[in-house]
Amino acid sequence: MTAAQEARPTGRPAKPPRSLALPIGVVAFLVITWLSLSEEIGIGLNVGDLIEDAGRGLDIWAEFLEPNWAFLPDTLGPMLETFQMAVISAFIGCAVALPVSFLASRITAPNVAAYIADRSLLSIVRAIPDILYALIFVAAVGIGPLAGMLALLFFNIGVVAKLLSETVDGVDPGPIEATHAAGGNRLQTTRWAVLPQVLPNYVAYSLYTFELNIRASTVIGIVGAGGMGQLLNAQRAFFRYDNMVVIIIELFVIVFVIEFFSIRLRRRLV
Amino acid sequence: MIRFENASVVYPGGVHALKNVTLEIPDGQMVVIVGLSGAGKSTLIRVINGLVPLSDGDVTIDGVSVRHARAGELREIRSRIGMIFQTFNLVKRTSVLNNVLLGRLHDAGTLRSVLGWYRPEDIEIAMQALERVGIVEKAYVRASNLSGGQQQRVGIARALAQNPKIILADEPVASLDPPTSHVVMRDLQRINRELGISTIVNLHFLDLARVYGERIIGMRQGELVYDGTGAEADENVFRDIYGRSLTADDLLGEPAAAPA
């Protein structure tokens, strides 16, 4: 190896030393994982207990294997409610997120103050998880789909504004320069040089949030925010696992179908 | 009349891109600026419409200072200056007509233009601009579906739709093949002659500069090193501007075909 180094023809650079960042990172990750598993300071995972307890849930599993299909008609109302919550909050959320994300990109924000204010507000909106929004709105407007819709709305604004403002940051600056050179103002530049470039992504993100909403509605329903989640939680409280599994299968089918169509639609857009 | 008075530009990195340039360009002239890359050609063009701010000196257009213009005044100045780019800078995902209508933004009113409700007279001006560069049949085609030469003509139509007094062209043919280059240069020349629009073009091919430049300005390291007619600019002059002997790379190498 030293011979090869000595034989290096003049003008060719020496091989730069390997960066240790990756191996150090991997080792650190392994150590933290191991500590988190330990009995003393971690969650105390014991494989023996795991095997010993494995049979305990068998009777629940048995009930899961016998869906009570007679329960299906009772789920249709809540399912429609979930769907309506998802559509309304995706529509309003994405409409609000459009101007919000233009303010959150340095390329389209009118000034630094608006940019910083908008970004800070967005960080707060995104720092609150969807279930917390649900708790807040259930407290504010009471149990039911209105609270769920409001929770999903804030969740959607956070998601779309984040993704879209990053897309705006990455647009081709050429058309923007051309619009400025033609005497266009900021709003005109945003409309004609930026929006056409991010439009396919915007539509894709909107579809994606609709998908997320169907999923999220099951979780926020647990705290009383309407739809399928609320029904699921009620059945769980009565230990009606045979009814729960009907809801789970139904959700699975719906999410699968929505995802199938939204992937195809997104592919045609971009 | 465009007047440079000791115009200087220092970029944030400390690069002195333009050094004390004093220059006058009378109305209706076709000027070609030549020089190596990095000589300050693009900067010279961009200080005229304020896309690059001056560090010192001034540029005035018909007596109005570009350097001291406020935002609204600067848009007003820019509205009368069309610009053509090396990479065309079209909005590729929208129609040719929408691209040309960008040239009408300054006049269309913010609300109208943002909603896309352009006045019929603005659409008429855009259509006429497309007719002038011979691609009006592509008006409703997506810009991304056009060839490079066609895209550059859309770029020219966009500039024309401004009804400009001045057209700036920054390396307009550098991304095109030689025959298309001549087509685009002839379009610019025709527009300059027929409409009397002052036209300032950056080029790096010497033979193109000599054919189309009524006047040639040479730049080297941010300084103006030559100013004369195309006819006077022989090989020695270019050698001076470039600071080195000429090579085949400095020529486009394809003679202009007889104008159609």
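Everything numeric here is computed off the predicted structure, so don't read it as measured data. (Residues numbered from 1 in each chain as written. Chains lettered and ligands numbered in written order. Predicted model: local features only at pLDDT ≥ 70, side-chain atom pairs only at ≥ 80, totals over all residues.)

Enquirer: What should I look at first to understand the nonpolar core in this one?
Expert: The nonpolar side chains of soluble globular proteins are, as a tendency, buried together. The biggest cluster of nonpolar side chains holds 128 residues, and the ones touching the most others in it are A151 of chain A together with V100 of chain B. With 14 residues, the top contributor of residues to this core is helix α8 (residues 145–169) of chain A. Apart from the residues within four sequence positions on either side, V100 of chain B is in contact with A126, A129, L130, V154, A157, R158 and A161 of chain B. L232, Y241, M244 and I247 of chain A belong to the second largest nonpolar core, which has 9 residues in total. (Core = buried A, V, L, I, M, F, W, Y, C linked by C-beta atoms within 7 Å. Buried ≥ 20, exposed ≤ 12 C-beta atoms within 10 Å, placed from the backbone. Helix = DSSP H or I, 4+ residues; strand = E, 2+ residues; numbered from the N terminus. Contact = placed C-beta atoms within 7 Å.)

Enquirer: What is the right way to read the interface of chain A and chain B from this model?
Expert: Many structure descriptions define interface size as the accessible area lost when the parts assemble. Counting residues at the interface gives 18 residues for chain A and 23 residues for chain B. At the level of secondary structure, the elements contributing two or more residues to the side of chain A that touches chain B comprise α9 (173–181) and α10 (186–221) of chain A. Of the residues assigned to the side of chain A that touches chain B, the class counts are 8 nonpolar, 8 polar and 2 charged. (Nonpolar A, V, L, I, M, F, W, Y, C, P; charged D, E, K, R; others polar.)

Enquirer: Please explain unusual backbone geometry as it appears in this structure.
Expert: Outside of glycine, negative phi angles account for most residues, and trans bonds account for most peptide bonds. Residues and elements named next belong to chain B. Phi is positive for F88, close to 70°, though the residue is something other than glycine. Within the secondary structure, F88 is located in the loop between β6 (81–84) and α3 (96–101). By C-beta crowding, F88 is classed as buried, having 26 other C-beta atoms within 10 Å. The phi torsion at E171 lies on the positive side, around 50°, for a residue other than glycine. Along the chain, the position of E171 falls in the loop between β7 (166–169) and α8 (178–195).

Enquirer: Is there a simple way to explain the sheet that holds strand β8 (residues 198–202) of chain B in this structure?
Expert: Picture the strands of a sheet paired through backbone hydrogen bonds; they go either parallel or antiparallel. All names here are of chain B. The mixed open sheet is built from 6 strands, whose spatial order is β6-β7-β8-β3-β9-β10. Every other strand in the sheet has two partners, leaving β6 and β10 (223–229) as the edge strands with one partner each. Ignoring strand direction, the axes of neighbouring strands in this sheet form an average angle of 15°. On top of the sheet, α8 reaches β3 (30–34), β7 and β8; it is set at about 155° to β8, its chief contact. (Pairing = 2+ DSSP bridges. Axes fitted to C-alpha atoms, helices over the stretch in contact; angles between N-to-C directions.)

Enquirer: Looking at this structure, I do not really get the packing of helix α7 (residues 130–141) of chain A against α10 of chain A. What am I missing?
Expert: The angle between the axes and the distance between the axes are what describe a pair of packed helices. Residues and elements named next belong to chain A. Two elements in contact, α7 and α10, have axes whose closest approach is 9 Å; the angle formed by their N-to-C orientations is 55°. Here α7 lies oblique to α10, going by the angle between them. At the point where α7 passes α10, the crossing takes the right-handed sense. Residues D130, I131 and A134 of α7 form the contact with α10, whose own contacting residues are A216, V219 and I220. Among the residues forming the contact of α7 with α10, the class breakdown is 5 nonpolar, no polar and 1 charged. (Parallel < 35°, antiparallel > 145°, perpendicular 65-115°, else oblique. Left-handed = near helix turned anticlockwise from the far one by under 90°.)

Enquirer: Can you help me understand the pairing of β10 of chain B in this one?
Expert: Within a regular strand, the side chains alternate between the two sheet faces. All names here are of chain B. By the bridge criterion, 6 bridges tie strand β9 (residues 215–220) to β10 in an arrangement that is antiparallel. In the strand pairing of β10, M219 is matched with L224. Two successive antiparallel strands, β9 and β10, enclose a turn made up of 2 residues, where Q221 displays a positive phi of approximately 50°.

Enquirer: What's the story with helix α1 (residues 41–48) of chain B in this structure? I'm lost.
Expert: Side chains three or four residues apart in an α-helix point the same way, a direct result of the helix having 3.6 residues per turn. Residues and elements named next belong to chain B. With 8 of 8 residues buried, α1 is to be regarded as a mostly interior element. Regarding α1, the residues found buried are K41, S42, T43, L44, I45, R46, V47 and I48. Count one or two residues on from α1 and you reach G50, which has phi positive near 75°.

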